[in-house]
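What the coordinates show
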Amino acid sequence: MGLLKKLFSDDAPKQWEVKIKGTVQRNGPIPVNRTFIVDDIRQAQAFQGANRYEVIAEWLRVNYPGATYDHIRHFAAEVKPVKK
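Predicted model, so just to flag it, every value in this text is computed and none were measured. (Residues numbered from 1 in each chain as written. Predicted model: local features only at pLDDT ≥ 70, side-chain atom pairs only at ≥ 80, totals over all residues. Heavy atoms only, no water.)

**Some details on the packing of aromatic side chains**
The test is simple: Working definition: a ring pair exists when centres of Phe, Tyr or Trp rings (six-membered ring for Trp) sit within 6.5 Å. Plane angles under 30 degrees give stacked, over 60 give edge-to-face, the rest tilted.
Under the defined criterion, the tally for this structure stands at 4 aromatic pairs. Ring-pair connections join several aromatic residues into one group, and the members of that group are Phe 36, Phe 47, Trp 59 and Tyr 64.

And the structure:
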């Protein structure tokens, strides 16, 4: 089944699970392995799109204030639909 057909079908997922992985520095290394649920498909797609590293950097600024990282490309985001 095609992606568009799956997105617009009646049984299309309504929520997506986003998992961020990496390491930040704040008085020592802090592993980041956070999973959260989003309801908006555009928000989920932002973690996979061309500007995904900008979105991940902004998420890190909000959730880990004052933390630094060597290179944003050392972070990964995994997006999966939530099964009901």
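So much for the structure itself; the text now carries on.
**Remarks on the pattern of salt bridges**
Rule in force here: Put simply, a salt bridge is a Lys or Arg side-chain nitrogen that is within 4 Å of an Asp or Glu carboxyl oxygen. Helix numbers and strand numbers start at the N terminus; a helix is a DSSP run of H or I with at least 4 residues, a strand a run of E with at least 2. For each residue, the accessible area found with a 1.4 Å probe, counting protein chains only, is set against the maximum for its type, and the residue is called buried under 20%, exposed over 50%, and partly exposed in between.
Counted by the stated rule, this structure contains 4 salt bridges. As a salt-bridge pair, Lys 80 and Glu 17 come within 3.7 Å of each other at their nearest N and O atoms. Residue Lys 80 is located in strand β3 (residues 76-81), and its partner Glu 17 is located in strand β1 (residues 16-25); the two are separated by 63 residues in the primary sequence. The residue Glu 58 makes a salt bridge to Arg 61 at a minimum N-O spacing of 3.1 Å. Separated by 3 residues within a single helix, Glu 58 and Arg 61 lie in helix α3 (residues 52-63), roughly one turn from each other. In this structure Glu 58 comes out as partly exposed when scored by relative accessible area, which is 40%. Because the salt bridges share partners, they merge into one network encompassing Glu 17, Lys 21, Glu 78 and Lys 80.

**A look at the environment of Pro 65**
The topology assignment puts Pro 65 in the loop between α3 and β3. Judged by its relative accessible area of 54%, Pro 65 is exposed. Pro 65 sits 39 residues away from Arg 26 along the chain, and the two C-alpha atoms are 9.4 Å apart.

**Considering unusual backbone geometry**
Backbone geometry at Asn 27 places phi at a positive 55°, although glycine is not the residue there. When you line up the elements, Asn 27 lands in the loop between β1 and β2 (29-38). Classification of Asn 27 as exposed rests on a relative accessible area of 87%.

**Points about the sheet that holds β1**
This is how it is decided: Strands were regarded as paired on the criterion that DSSP finds at least two bridges between them. To get an axis, a line is fitted to the C-alpha atoms, and for a helix only the part in contact is used. The angle between two axes follows their N-to-C directions and goes from 0 to 180 degrees. What makes two residues a contact is simply this: any of their non-hydrogen atoms within 4.5 Å.
On the basis of which strands lie adjacent, the open sheet formed by 3 strands has the order β2-β1-β3 and antiparallel pairing. The sheet is open, and its two borders are formed by β2 and β3, each paired with just one other strand. Neighbour-to-neighbour, the strand axes of the sheet open up by a mean angle of 15°, direction not taken into account. Where β1 lies against β3, 6 bridges are found, and the strand directions are antiparallel. Looking at the pairing, Val 18 lines up with Val 79 of β3. Packing of α3 onto the sheet brings it into contact with β1, β2 and β3, and relative to β2 it is tilted by some 105°.

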